Amino acid sequence: MLKRRSNFFTRVYKIVEKIPRGKVATYGQVAALVGSRDARKVGWALHANTSTKIPCHRVVNKEGMVAENFAFDGWREQKARLVSEGVKFISEKQVDLAIHRLQVL
DNA sequence: AGAGTGACTCATA
DNA sequence: CTATGAGCCACTC
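Cut-offs and rules
Starting afresh in each chain, residues are numbered from 1 along the sequence in its written order. Labels follow written order: the first chain is A, the first ligand is 1, and so on. Residue-level local features of this predicted model are given only where pLDDT is at least 70; pairs of side-chain atoms are given and counted only at 80 or more, and the full residue set underlies all totals for whole chains, interfaces and linings. Excluded from the side-chain calculations are hydrogens and water; all other atoms, namely the structure's heavy atoms, are used. Under the scheme used here, helices are H or I runs from DSSP no shorter than 4 residues and strands are E runs no shorter than 2 residues, and both carry numbers assigned from the N terminus. Accessible area is worked out with a 1.4 Å probe on protein chains only. A residue is then buried under 20% of its type maximum, exposed over 50%, and partly exposed in between. For this analysis, residues touch if any pair of their heavy atoms sits within 4.5 Å. The Shrake-Rupley method, run with a 1.4 Å probe, gives the accessible areas here. Residue values count only the displayed protein chains as cover. Positive residues here are Lys and Arg, negative ones are Asp and Glu, while His and the chain termini are left out of the count. For the purpose of locating charges, the reference atoms are NZ of Lys, CZ of Arg, CG of Asp and CD of Glu. Nonpolar core, defined: a set of buried Ala, Val, Leu, Ile, Met, Phe, Trp, Tyr and Cys residues in which side-chain atoms within 4.5 Å join the residues together.

1. Things to note about the overall build of chain A
In terms of helices and strands, chain A carries five helices and two strands. In terms of its C-alpha atoms, chain A occupies a principal-axis envelope of roughly 45 × 30 × 20 Å. Sorting the 105 residues of chain A into buried and exposed places 42% on the buried side. Put simply, of all contacts in chain A between residues at least 6 apart along the chain, 61% involve residues at least 24 apart. Just so you have it, chain A exposes about 6,700 Å², and 49% of that area is on carbon and sulfur atoms. Within chain A, the 9 negative side-chain charges are centred at a point lying 10 Å from the centre of the 20 positive side-chain charges.

Here you go:
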């Protein structure tokens, strides 16, 4: 048995790091991949670390909306990063999930 | 052990 | 559209 504790964090990071450039994943998707059902913990785990090594900007909510409380510098930074990777926005805070939604790993 | 919190999601009104 | 309630589960105190 692996130790749990903040193992959840590691799982989330593992998944998020897997997200290819130009793609985005939803909290619910990541939650499912880490073996949980709670999307909240995913966002919580991301915000709890804010590690620049993790493309947390590629994680958005179910509608592609970026987070209001994004850890780096608000949703503007998140959007800037995504646009920089070629992700299209259909609104100021909304990503075009129809194109960039992450497929099943 | 219990209460509070949270970058979510869904249902209802 | 907004607001509220519930579900969810790990973390902190």
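2. A look at unusual backbone geometry
Within the chain, Thr 50 stands out as a residue other than glycine whose phi angle is a positive 55°. With respect to the helices and strands, the residue Thr 50 is situated in the loop between helix H3 (39-49) and strand S2 (59-60). Overall, Thr 50 belongs to the partly exposed group, its relative accessible area being 30%.

3. Quick word on the nonpolar core
Core analysis: the largest hydrophobic core is formed by 20 residues, its most contacted members being Val 12, Val 16, Val 30 and Leu 46. Elements with a contribution of two residues or more to this core: helix H1 (7-18), helix H2 (27-33) and H3. When residues of this core are assigned to their parent elements, the largest contribution, six residues, is made by H1. In contact with Val 12, other than residues within four places in its own chain, are Val 30, Val 34, Val 42, Ala 45 and Leu 46. Core analysis: the next-biggest nonpolar cluster, separate from the first, contains nine residues, Trp 75, Phe 89, Val 95 and Leu 97 among them.

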